[in-house]
Structure formats: structure tokens, C-alpha cells
Amino acid sequence: MLFGEKILDYWDDILKDLGTLVAVPSVAGKPENGHPYGDQCAKALDTVLAMAEGYGLKTKNVDYYAGHAEYGEGEGNAVVMAHVDVVPAGEGWDTDPFTLVVDGNYAFGRGVGDDKGAAIVALHCLRALKDAGVKGNRKLRVIFGSGEEVGMQDIPHYFEKEQLPDMGFTPDSGYGICHCEKGIINLKVTGKNDSALIKSFSAGTVSNAVPAKAECEISCSAEELEALISAAKNAETEFEITALDGGAKILAKGKASHAAFPSGGRNAASYLVKLLSEVFGVAKLGAFFRFVEEKIGLTSDGSLVGVAMSDEPSGPLTFNLGLVHADGEECSLVVDIRYPATKEGKFISDTIQKAAEDAGLAYDLLSDAAPLYLPKESKLITLLSGAYKDVTGEECTIFSMGGGTYARQMHGKGVAFGPGFPGEDGHEHDVNERINLEHFKLHAKICLESMYRMLAAE
């Protein structure tokens, strides 16, 4: 019997602990009370570390940026990195997003797939190794981050104070093994609201998700309102229009999706600007919203602004208009870009900066996370793919993706590996986030087998 099978002995505890962690609404926010990502993220970290201590594992909290549970001894350090923060729940759930609900073969709740479920499984894998008294050749740590969804600055802070890994993986992606992660740029464009039409505009909650809803208030005549209502009826997405004195309020309904896969969503902000442009003309939008319409539009590949590109290991660039805000004075937008691993972020940033400044707008590069790339023949990939094949009986695929995970924080020593399986939709970053429990059990066995092999590897 493979060692990974032992995780099933802990299944009831895994679900119980997952329910406890899901109940903490740990949406990363502004610092408060000495907690860098807010009190709820701190509570989630305290919760999972208390679980680890209860199972007899060593723990450490690194300033509430991240913490770890540890088993084993040695100079080397293998890690499994998960996170306990989540994206906002959003509207439209069929269940309470912060209550674990098991319905048939599925469990629902914010974070079950991204990434609290994997965090709890990794914790119990460490527990299983300790309970079995496995002797290894290094330390094995499960690291729990608190700010993955808001830029991943939690882990650089952690590694300023803790030992870097010599190997590791993050179960925050999908099977097989992601050996290549695209670079990630976040940028902001701002300008004065000089629109004769748009009085206010709001869309998005985080930059790394496609906005499912956008709202604006406009000034218009009764005749223009009739034209707006007529155009909205024939649009490619749903609108609700409410007449106001001298104008209207418009709600656009899109579909959320992760910023790494923006074509899988429907960007409510882009569709709303498109509707306004079609009805009122691009000139009336003002400089800021004219930039949105002409340089972003409905595209998700950066083609309108001149940064569309692709490469063989990682595929095409993706471009997500994640946040848009305007009031009577100022306008701003935030874009999330995932760019190919062999390309340079500077070219992309410089190109967009020029387009923004040519439009009379201000540009700010918020972050540029360099890509990750490990050769398929590396020792770690061989170890993990072997564990996967022995548990599942199938070959482990090696792939690339646009998602940004903790793997890129491991200084070239880690990859993304699990927990999702091909063909399943866990609704991460969307309403009704869920996990398939049979697949979740399979992931747990792969995870334990992989951790066992990392602990024992020469």
C-alpha cells in the first residue's frame, strides 16, 4: 500500500477542520490592530496554527504575514505552501459562502478550492507523517500565507525571516504539474473625469477577477434614454436601466472569472462602456472612458493597446480590466496582465504607459512579478510526477498557466501541483465555489505521497 493511502484515516477530521476554517471570512484587507492583512486573516492564521499545535506539530507565526507547521529534522527544508486568505464572496450564492455545506459529492464554501481545502489537507498530511514516525532527511513545513490574493507580499516577508526551501510545491492550481507560470503585471491608470455623460462608475472588487457587475450614473435627455433602453435590449449582456431626473442609472451584469482566464468570464465594465459608446458616441465619454473603449474594449489579449503576444511554453498574454471607479472628479482603473514566461514585462509596461500618457492620463506600474520556469527534467518534477502516477495509475502532464501562485516565491525551487483535476469547474473566484469530494480524496492521497517522498528524498 502506498503511504498516501493513510490520509483517508483522517478524513472526518479534514472535513471538520475545513468547516472551521471556511467559517472565518478571511478576505485580505487593510492592516488593523497590528495584523498586516486585517483581523480576519489573522484569525484564520491563528485558527490553522492552533489546529497544528493540537496535532502535536511545531508551529511559528511570522508577524501574521504567514506561519508554518513543521515536522522532521535536518538542514534541508521542503515545503508545501498554501494560503488561508480568500477573495470576497460576491453576490448570488445558493448557500452561505462562509459555511461549509456538503451536498452529495460536493462541498461548497468560499475557499474550499482556493485554497483552504488544500491547506487543511496539507496540515493533515504532516500530521499523518508525524503519527507514523516517518524519519526523513530534512524538515518538512506546511506554510500558510495570509495575503496571496492581494499580491503575495506575505511570503517575501516570511522568507526574510525563515529558511528558503530546497524543494516544494503549492497545491493552488491543478494537476499535473505547472512548471511554467506567466509573469504578472498590475497597473493603474488615472485621470480627471471630463466626461459630459458619466457622473459615476463602479466595477470590480479585486483586480484578479473579471467584474461580474458594473454600475454607472449618467446625464441624458428623455430621447437619449429611450435610445439607451433600446440598445440595451439588443446587447450581448444583461442591463438594468432606471430613469432618474435628468439621467439614468445603469447596472450591467456580466460573469466573473479568474484574471488568468478572462475569456471565461464576461466583463461587465467593458460591456457597460461599450453600450455608452454605441449610444452616445465615443467623444462624449471623455478622455478616460474613451481610453477604456479604444485601448481595451471587449478584448482580453491586450491587442488594442499593442501588447498581444505568445510563446511556446506558456501561451498568450491575458489582459483583465479588473477595477474601474469614477466620481465627479477622478477616474481610475486597475488591470491585471499575465504575460508569457519568455517575454519581458518592461516592454508591456512601457507600451501601455505610452498609450495612457498619449491619452492625457497618468500611469502607475503597481507590480511586475517575474515568470517562473522549471525544466521538465528537473529532480522535483520527476519526484512529484512519480507520486502522481503511482497514486492515480496515470501519467502526470506537465503544463504552464497564467495563474500566479506561491511557486514563484520559492526562488526556482518549487512548482504548482494540484489540487484540481482536468475538466472540473470549482468556481474559484466566483459564486458557489465548490470541490468534488471524491477528487478531493484523490488529491489528499497524492499530496501525502508527495510530501512523504520529499521528506525522504536524498
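Scroll up to find the structure this text is about.
Criteria and cut-off values
- Residues numbered from 1 in each chain as written.
- Predicted model: local features only at pLDDT ≥ 70, side-chain atom pairs only at ≥ 80, totals over all residues.
- Heavy atoms only, no water.
- Helix = DSSP H or I, 4+ residues; strand = E, 2+ residues; numbered from the N terminus.
- Expected span 1.5 Å × (residues − 1).
- Contact = heavy atoms within 4.5 Å.
- 1 Å grid on protein atoms, 1.4 Å probe; cavity = no way out; pocket = protein on both sides within 12 Å on 5 of 7 lines; lining within 4 Å.
- Points joined across faces, edges and corners; volume = space filled by probe spheres on them.
- Buried < 20%, exposed > 50% of the residue type's maximum accessible area, 1.4 Å probe, protein only.
- Core = buried A, V, L, I, M, F, W, Y, C linked by side-chain atoms within 4.5 Å.
- Salt bridge = Lys/Arg side-chain N within 4 Å of Asp/Glu carboxyl O.
- Pairing = 2+ DSSP bridges.
- Axes fitted to C-alpha atoms, helices over the stretch in contact; angles between N-to-C directions.

## Examining helix α9 (residues 379-392)
Working step 1: In this model, α9 (14 residues) spans 20 Å end to end at C-alpha, consistent with the 20 Å of a helix rising 1.5 Å per residue.
Working step 2: Along its buried surface, α9 packs onto β7 (167-170), β9 (177-181), β21 (398-401), β22 (414-417) and α10 (437-456).
Working step 3: Backbone geometry just downstream of α9 places G393 in the positive-phi region, at approximately 80°.

## A word on the layout of surface pockets
Working step 1: Looking at the second largest pocket, its volume works out to about 670 Å³.
Working step 2: Forming the boundary of the second largest pocket are 29 residues, of which G90, E91, A212, K213 and A256 lie nearest the centre.
Working step 3: Contributing elements (two or more residues each) for the lining of the second largest pocket: β11 (198-203), β12 (213-219) and β14 (247-253).

## Here's the deal with helix α2 (residues 39-54)
Each α-helix winds once per 3.6 residues, and so residues spaced three or four apart point in a common direction.
Working step 1: Between its terminal C-alpha atoms α2 stretches 22 Å, which fits the 22 Å expected from 16 residues at 1.5 Å a residue.
Working step 2: For α2, the full list of buried residues reads C41, A42, A44, L45, T47, V48, L49, M51 and A52.
Working step 3: Where the residues of α2 are buried, they touch α1 (11-22), β1 (58-62), β2 (66-71), α3 (116-131) and β6 (139-145).
Working step 4: Looking at the residues trailing α2, positive phi occurs at G56, about 80°.

## Remarks on the nonpolar core
Working step 1: Counting 67 residues, the largest nonpolar core has L123, L129, F144, F169, F417, M451 and M454 as its most contacted members.
Working step 2: Among all residues touching F417, those that are not within four sequence positions of it are F169, T170, P171, Y175, G176, I177, L384, Y388, C396, I446 and S450.
Working step 3: F201, I218, L317 and L361 belong to the second largest nonpolar core, which has 51 residues in total.

## Considerations on the environment of K188
Working step 1: Here K188 shows up in strand β10 (residues 183-192).
Working step 2: Distance in space between the C-alpha atoms of K188 and S332 is 7.0 Å, their sequence separation being 144 residues.
Working step 3: In this view, K188 contacts S332, L333, V334, A362, Y363, D364 and L366; residues no more than four positions away in its chain are not counted.

## A short note on the pattern of salt bridges
Working step 1: Taken as a whole and assessed by the stated rule, the structure comprises 25 salt bridges.
Working step 2: Among the salt bridges present, the one from E449 reaches R453, with a minimum N-O distance of 2.9 Å. Taken together, the residues span about one helical turn, with E449 and R453 both in helix α10 at a distance of four residues.
Working step 3: According to the relative accessible area criterion, E449 is buried, its value standing at 3%.
Working step 4: For R453, a relative accessible area of 22% translates into the label partly exposed.
Working step 5: In the salt-bridge network here, residues are joined through shared partners; they are D13, R127, K130 and D131.

## A few points about the pairing of β7
Working step 1: The alternating pattern of β7 places M167 and F169 and G168 and T170 on opposite faces, both of which are buried.
Working step 2: In terms of strand pairing, β7 meets β22 through three bridges, oriented parallel. If you follow G168 over to β22, its bridge partner there is G414.

## Some details on the sheet that holds strand β4 (residues 101-103)
Working step 1: The sheet built from three strands is open, its strands ordered β4-β5-β24 with antiparallel pairing. Looking at the sheet topology across the chains shown, the edges are occupied by β4 and β24 (434-436). Recorded for the sheet is a direction-independent mean angle of 20° between the axes of neighbouring strands.
Working step 2: Sheet topology places strand β5 (residues 106-108) next to β24; three bridges connect them, and they run antiparallel.

Keep in mind these numbers describe shape, not what the thing actually does.
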